[in-house]
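The primary structure of each chain is shown beneath.
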Amino acid sequence: MAVAEPMTSSKRRFLFGFNVAVQSLLVLAVVIGVVWIAKRFNAQADWTSMGINSLSPRTEQMLRGLDQNIYITALFAKPDKERDKIQYKRWQELKDLMDLYQSVGGARVTTRIIEPNLDKAETDKLLERLKKLPIYRDEAQPHKEALEKQLPPLSEKISALASAELQQLEALQGSEPALARNRALNIIRNHWQKILQDSNEIPELLQELERAEVPRYGRAIKSVRDFLEATKLRAEDTAGWMTGEGLSVAGLTPDARTFFEESKTRYAEVLAEADSLLEATKDLKEVKLEEIHTELTRWQHGPPVLVESEKEARVVSNYELWQPPKDRHAPVGPDGDDRVFAGESAISSAILKLTQKDKAAVVFTRFGGTSPIKPDFSQMNFMNMRQMPTAPYQELAQILEQENFVTHDWDVSKEKTPPTVEGTTRSIYVVFPPEPPPRQNPMEPSPQQGITPADRQIILDAVNASGAAIFLAGYEQPAGPFGGPSGGYEYAEYLKSTWGIEVDSRYVAWRFTPNPQRPGWWAPAARDPILSTGGGPESPVRLTDHPITEPLQNDRAAFYAACPVRVSEAASRPAGLEVQVLAEVRDTQDVWALGDLMRVSEEIKRNQGCTRPSEDDVRAPFALAVAASDASGKKVVVFGSEQFMADNVAQASGFMQIGNALVIGQLYPANTDIFVNTLHWLTGESNRIALGPRGEVPRLTKLDEAWANRLPWLLLGIWPASALLVGMCVWFVRRR
């Protein structure tokens with residue numbers, strides 16, 4: 001048997017030293033390779049837990065699905081970092097965001113920041129590109145027709161008429177004593193002098209159009225219409241005086257009288273042609289290219305972003321990029337900036353509207369009550385103009401508009417026919433519980449009626465015709481002695497018989513915490529009946545793996561005043577249905593649905609803030625939201641919380657930690673995404689289901705330029721040197 005020869009101390013020192021040197025060289029080589037790759041390919045990685053330095057998954061999916069080229073150009077002069085720190089910070093925010101669009105969009109997306117004062121050649125190229133876009137190339141053709149063909153001959157006739165009238169009036173005043181100092185005739189002379197002056201300026205107007213980098217056809221048409229209307233008014237005023245009061249002037253000669261009497265005939269042809277041109281141009285507004293150019297010229301006061309597709313373009317204003325915080329009482333940031341960067345939402349919305357022309361209408365359907373999406377200005381308090389009226393789902397409607405939906409409000413109590421929303425290809429109905437009839441006045445002979453079976457059927461027929469609907473349910477108070485809520489969900493029978501979904505609005509889900517001193521007794525976890533997700537794997541409320549909610553499982557959502565929603569047994573529901581839960585309360589002791597709030601309230605008063613579940617309560621597990629589809633492709637989604645998407649819940653803000661700082665952000669950002677994803681699922685656009693932008697969560701501060709320049713030296717020099725020093729120390733200790 002061979003015996004290993006013992007290693008000598010010198011050999012051991014050599015091997016240890018050689019090992020340290022090799023490892024140090026390997027570390028150095030790896031670091032150099034990583035730095036070179038990062039610089040060569042502009043590689044970046046976002047290691048923040050919330051992904052706040054990345055584009056949202058929804059934006060990334062949209063960019064990767066583009067079928068045409070997109071150009072994103074910011075007109076933003078780089079400010080001096082020391083003189084204007086806020087503008088420099090905004091410039092950096094926009095630059096970083098545009099780099100992300102370029103990186104994710106690949107060859108389809110081109111981004112650039114232009115300084116208009118320095119990059120005149122680039123702005124000229126941009127304007128030429130805009131002029132060649134199909135939608136703008138021929139848009140001004142009707143304007144050109146009116147300005148270049150119809151206007152010049154009419155202008156010459158008006159000019160000739162004005163010259164002739166002025167000549168004749170001057171002759172009359174010189175030869176007719178009765179008219180020499182007539183005040184009215186002097187006014188008429190001024191009329192024709194002004195008409196002559198304006199008509200002589202028309203050629204200059206046309207020349208100015210030709211010289212402009214973007215011809216202002218809309219503005220020119222407005223000027224021409226103003227000129228024609230003023231000419232008509234002055235000519236008609238003149239003819240009216242001449243054929244009326246003018247004929248009664250004492251001492252008129254026959255020639256003067258004839259001149260006055262024939263005024264209407266002399267003006268008839270010109271006035272008829274002016275009417276014809278006014279009629280032809282009445283619908284000619286400012287062309288889109290002019291609007292875009294006007295907005296771009298405001299770059300010094302508010303740098304905009306121009307987003308172009310292969311067919312048209314849209315301007316994202318500075319106000320859309322940096323918006324006031326949703327919480328009016330939010331403190332100003334440490335840098336003094338009172339605006340929140342919402343660039344991703346604004347730019348992605350512009351891309352979406354340019355590339356996806358098929359729009360769906362989201363019809364908020366109700367019976368009675370006020371509009372959920374439009375403020376009621378009739379209730380405005382004029383004594384307090386700072387407090388403008390708002391609608392409960394107003395911000396949601398604005399978000400849907402950004403997502404390329406068209407919102408509409410339908411009150412079935414006033415309009416019995418489903419609305420046809422212009423510019424949309426289909427409708428999705430968001431059905432609210434009907435407003436209960438007002439409480440009966442005992443002095444009145446009969447109460448007012450609520451929704452009727454016929455009204456309910458109008459809504460259900462519209463839903464069936466559309467094949468896509470969201471039903472909003474929630475806890476409803478029991479009926480009182482003088483009317484009020486009935487305690488029953490109006491669409492419960494329809495949902496159960498048609499979709500196999502059971503809603504019981506008599507119960508409200510509440511979360512409790514156990515009382516450690518009184519086993520079996522529980523205290524409400526909050527004053528309000530609100531259930532939230534995002535508390536980790538042990539959270540009693542969770543979002544499921546359904547396509548609508550799966551991307552949001554690590555995000556935070558809340559359901560307010562929710563009632564239990566159940567899926568009927570397979571044997572009792574219609575055949576061919578696929579029914580899946582979106583959000584549910586797990587099998588837990590912490591949450592149950594209360595059926596008798598009065599009993600619970602009294603029990604809490606008697607037992608030092610504690611209660612316990614009764615046989616009448618609904619114990620977990622139960623669902624909070626359910627989606628269903630049938631064999632024909634029709635789909636519905638039912639939420640057990642009517643208010644989960646209301647602005648006071650979905651847009652609620654509070655403090656959260658980003659890095660080492662506390663900032664104000666959305667408490668339940670997943671609520672809006674759940675609703676938007678639901679709409680995409682209903683329309684069959686599963687590729688757009690994802691986590692959306694988080695507009696009010698600030699990005700981490702960019703490294704100072706000096707530190708950014710030092711970082712490669714830190715990685716390539718100090719780090720390997722430190723590793724080598726540690727290795728030498730180990731080698732020195734081991735050699736002893």
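Refer to the structure presented above.
Let me sum up the structure you'll find in this document.

Basis of the calculations
- Residues numbered from 1 in each chain as written.
- Predicted model: local features only at pLDDT ≥ 70, side-chain atom pairs only at ≥ 80, totals over all residues.
- Heavy atoms only, no water.
- Helix = DSSP H or I, 4+ residues; strand = E, 2+ residues; numbered from the N terminus.
- Buried < 20%, exposed > 50% of the residue type's maximum accessible area, 1.4 Å probe, protein only.
- Contact = heavy atoms within 4.5 Å.
- Areas by Shrake-Rupley, 256 points an atom, 1.4 Å probe, with all protein chains shown as cover.
- Core = buried A, V, L, I, M, F, W, Y, C linked by side-chain atoms within 4.5 Å.
- Phe/Tyr/Trp six-rings, centres within 6.5 Å; stacked < 30°, edge-to-face > 60°.
- Lys NZ or Arg CZ within 6 Å of the ring centre and 35° of its normal.
- Pairing = 2+ DSSP bridges.
- Axes fitted to C-alpha atoms, helices over the stretch in contact; angles between N-to-C directions.
- 1 Å grid on protein atoms, 1.4 Å probe; cavity = no way out; pocket = protein on both sides within 12 Å on 5 of 7 lines; lining within 4 Å.
- Points joined across faces, edges and corners; volume = space filled by probe spheres on them.

### Description of the overall build of the chain
The number of helices and strands found in the chain is 21 helices and 24 strands. Taking all 736 residues of the chain together, 44% fall into the buried category. The contacts in the chain between residues at least 6 apart in sequence include a share of 74% that link residues at least 24 apart. Working note: accessible area of the chain is about 39,700 Å², and carbon and sulfur atoms make up 52% of it.

### Some remarks on unusual backbone geometry
Of note, the bond from Ala620 into Pro621 is cis; its omega dihedral lies within 30 degrees of zero at 10°. Positive phi outside glycine occurs at Gln608, with the angle close to 55°. With respect to the element layout, Gln608 can be found in the loop between helix 18 (597-606) and strand 20 (618-619).

### Describing the nonpolar core
Core analysis: the biggest nonpolar cluster contains 50 residues, and Phe639 and Met645 have the highest contact counts within it. Sort the elements by how many residues they give to this core and helix 20 (residues 670-682) lands first, with 7 residues. Other than its neighbours up to four places away in sequence, Phe639 contacts Ile470, Phe471, Leu472, Ala473, Phe559, Leu582, Leu624, Ala625, Phe644, Ile674 and Thr678. Formed by 45 residues, the second largest nonpolar core is a distinct cluster that contains Ala162, Ile202, Phe227 and Ala256.

### Topic: the packing of aromatic side chains
Scanning the model with the defined rule gives 16 aromatic pairs in all. Geometrically, the ring pair formed by Trp322 and Phe341 is tilted, given 5.1 Å between the ring centres and 35° between the ring planes. Of this pair, Trp322 sits in strand 5 (residues 322-323) while Phe341 sits in strand 6 (residues 340-341), and the two are 19 residues apart along the sequence. For Phe341, a relative accessible area of 12% corresponds to the buried category. Judged by centre distance (5.8 Å) and plane angle (45°), the ring pair of Phe471 and Tyr494 falls under tilted. On the criterion of sequence distance, the pair formed by Phe471 in strand 10 (residues 468-472) and Tyr494 in helix 17 (residues 492-499) is long-range, its members being 23 residues apart. Pair check on accessibility: Phe471 and Tyr494 agree, each one buried. One residue, Arg129, lies across the ring of Tyr71, its end atom 4.7 Å from the ring centre.

### Topic: the sheet that holds strand 3 (residues 305-308)
Strand pairing in a sheet is mediated by backbone hydrogen bonds. Such pairs are either parallel or antiparallel. Pairing in this open sheet of 4 strands is mixed, and the strands run 2-1-3-4 from one edge to the other. Lying at the two open borders of the sheet, with one neighbouring strand each, are strand 2 (109-114) and strand 4 (313-316). With direction set aside, neighbouring strand axes in the sheet form an average angle of 15°. Relative to strand 4, strand 3 runs antiparallel, the two being bridged by 4 bridges.

### A few points about empty space enclosed by the protein
Under the definition given, this model contains 1 cavity of 30 Å³ or more. Approximately 40 Å³ is the volume found for the largest cavity. What lines the largest cavity is simply Val463, Asn464, Gly467, Ala468, Ala469, Tyr494, Trp499, Lys634, Lys635 and Val636. For the lining of the largest cavity, the secondary-structure elements that each account for two or more residues are helix 16 (453-466), strand 10, helix 17 and strand 22 (635-639).

### Regarding the sheet that holds strand 13 (residues 522-524)
If you trace the 4 strands from one edge of the open sheet to the other, you get 13-12-19-20, paired in antiparallel fashion. Across the chains shown, the open sheet's two edge strands, defined by having one partner strand only, are strand 13 and strand 20. Here strand 19 (residues 591-594) pairs with strand 20 via 2 bridges, running antiparallel. By the bridge assignment for strand 20, Trp592 is matched with Arg619.

None of the figures reported here should be taken as evidence of function without further support.
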